[in-house]
Amino acid sequence: MKYDFYNKDRLYKPGLAVKCRNRLHKKILQGLNLKSVCEVGVGFAEFANYCRDNGISWVGIDANDNLCNLLRQEGFTVYKSVMPQFPEIQEECDAVFASHFIEHLNNVQEALAFVQSSRDLLKSKGGRYIILLYPDIEKIGAFFWQDYTHSFVTTKKRIEDLLYDSDFEIVKSGRYTACFFRLSGLTSFIGKIFPYFLLPAKIALFARLSFQQHSYTIAKIKS
């Protein structure tokens, strides 16, 4: 299946967005002391570059040929695979990281298979953590369906329960907007009254995405 909803040619992304994303990654990973990460759904290498710049070994998995080739050209190791099953990866893996991926799975069975496969991979590599970032339909409402491949409905409680039933325990879970955590609710409120119609289409889409309040959950394998 071709999935090009977030093709770079359709997007507006200022340099500030990279700095904001790096701050988000720093806050999410704080205190975990990770040395190696397997990312599922590689995007445009935002997290891969963050890991490279911060001494974290990174390997990626994606089903999109264009994205895999793009990252390989930048020197990253990427496996092409259609999830929820993992390919056999050779690299170390302290954590599985998936940002805005799980909602693209077709149903609860695939979501369970992904989380349980993540647990099995981590156990085989001596890793512990799964880190999920996802849209929260309780906060973003109908905007959840803006991406036509969003099939598995995600909320903070649904993800936490999914992880609990897959033998993980929650380390921390919360909400964020852009790179803000404590101010995420206020930032999201501003987004609800922002005059997007005054902006060109690409910039308006970027602004709307930036103002959405999303959720994150970090869990570790039960000891």
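Read on for an overview of the structure. (Residues numbered from 1 in each chain as written. Predicted model: local features only at pLDDT ≥ 70, side-chain atom pairs only at ≥ 80, totals over all residues. Heavy atoms only, no water.)

1. Examining the pattern of salt bridges
If the charged atoms of two oppositely charged side chains come close together, the side chains can form a pair.
Alright, step 1. Applying the stated rule across the entire model yields seven salt bridges.
Alright, step 2. The closest approach of N and O atoms between Asp65 and Lys80, which form a salt bridge, is 3.2 Å. Pair noted here: Asp65 is in helix 3 (residues 65-73) and Lys80 is in strand 3 (residues 77-80), with a separation of 15 residues, a long-range link.
Alright, step 3. Of the residues examined, Asp65 reaches a relative accessible area of 42% and is grouped as partly exposed.
Alright, step 4. Here Lys80 falls in the partly exposed class, since its relative accessible area comes to 45%.
Alright, step 5. A salt bridge links Lys157 to Asp161, with the nearest nitrogen and oxygen atoms 2.6 Å apart. Here Lys157 pairs with Asp161, and both are found in helix 6 (residues 156-164), just four residues apart, close to one helical turn.
Alright, step 6. Note on Asp161: relative accessible area 35%, which makes it partly exposed.
Alright, step 7. Here the salt bridges share partners, and the residues they tie into one network are Arg119, Asp120 and Asp167. (Salt bridge = Lys/Arg side-chain N within 4 Å of Asp/Glu carboxyl O. Helix = DSSP H or I, 4+ residues; strand = E, 2+ residues; numbered from the N terminus. Buried < 20%, exposed > 50% of the residue type's maximum accessible area, 1.4 Å probe, protein only.)

2. Things to note about the packing of aromatic side chains
Alright, step 1. Scanning all chains against the criterion turns up eleven aromatic pairs.
Alright, step 2. Considering the side-chain rings of Trp58 and Phe76, the 5.2 Å spacing of their centres and the 70° angle between planes classify their relative orientation as edge-to-face. Of this pair, Trp58 sits in strand 2 (residues 57-62) while Phe76 is found in the loop between helix 3 and strand 3, placing the two residues 18 residues apart along the sequence.
Alright, step 3. Here Trp58 falls in the buried class, since its relative accessible area comes to 8%.
Alright, step 4. A ring pair is formed by Phe86 and Phe114, whose centres lie 6.1 Å apart and whose planes are at 15°; its orientation type is stacked. A residue pair is termed long-range when its members are at least 10 positions apart, and Phe86 in the loop between strand 3 and strand 4 (95-99) and Phe114 in helix 4 (residues 108-125) qualify at 28 residues.
Alright, step 5. Following the ring pairs from residue to residue traces out a cluster consisting of Phe47, Tyr50 and Phe97. (Phe/Tyr/Trp six-rings, centres within 6.5 Å; stacked < 30°, edge-to-face > 60°.)

3. Quick notes on the side chain of Lys125
Alright, step 1. Examined against the element boundaries, Lys125 turns out to sit in helix 4.
Alright, step 2. For Lys125, which is buried and forms no salt bridge, the nearest opposite charge comes from Glu92, at a distance of 5.6 Å.
Alright, step 3. Among the polar contacts made by the side chain of Lys125, one reaches the main-chain carbonyl oxygen of Ile89 at a distance of 2.8 Å.
Alright, step 4. Ignoring anything within four residues of it in the chain, the contact list for Lys125 reads Ile89, Gln90, Glu91, Glu92 and Cys93. (Lys, Arg positive; Asp, Glu negative; His and termini not counted. Polar contact = N/O pair within 3.5 Å; in protein donor to acceptor, adjacent residues only side chain to side chain. Contact = heavy atoms within 4.5 Å.)

4. Observations concerning the side chain of Thr154
Alright, step 1. Looking at the secondary structure, you find Thr154 in the loop between helix 5 (137-140) and helix 6.
Alright, step 2. At 2.5 Å, the side chain of Thr154 and the backbone oxygen of Pro135 are in polar contact.
Alright, step 3. The residues touching Thr154, leaving out its near neighbours within four places in the chain, are Ile102, Glu103, Tyr134, Pro135, Asp136, Ile137, Phe144 and Ile159.

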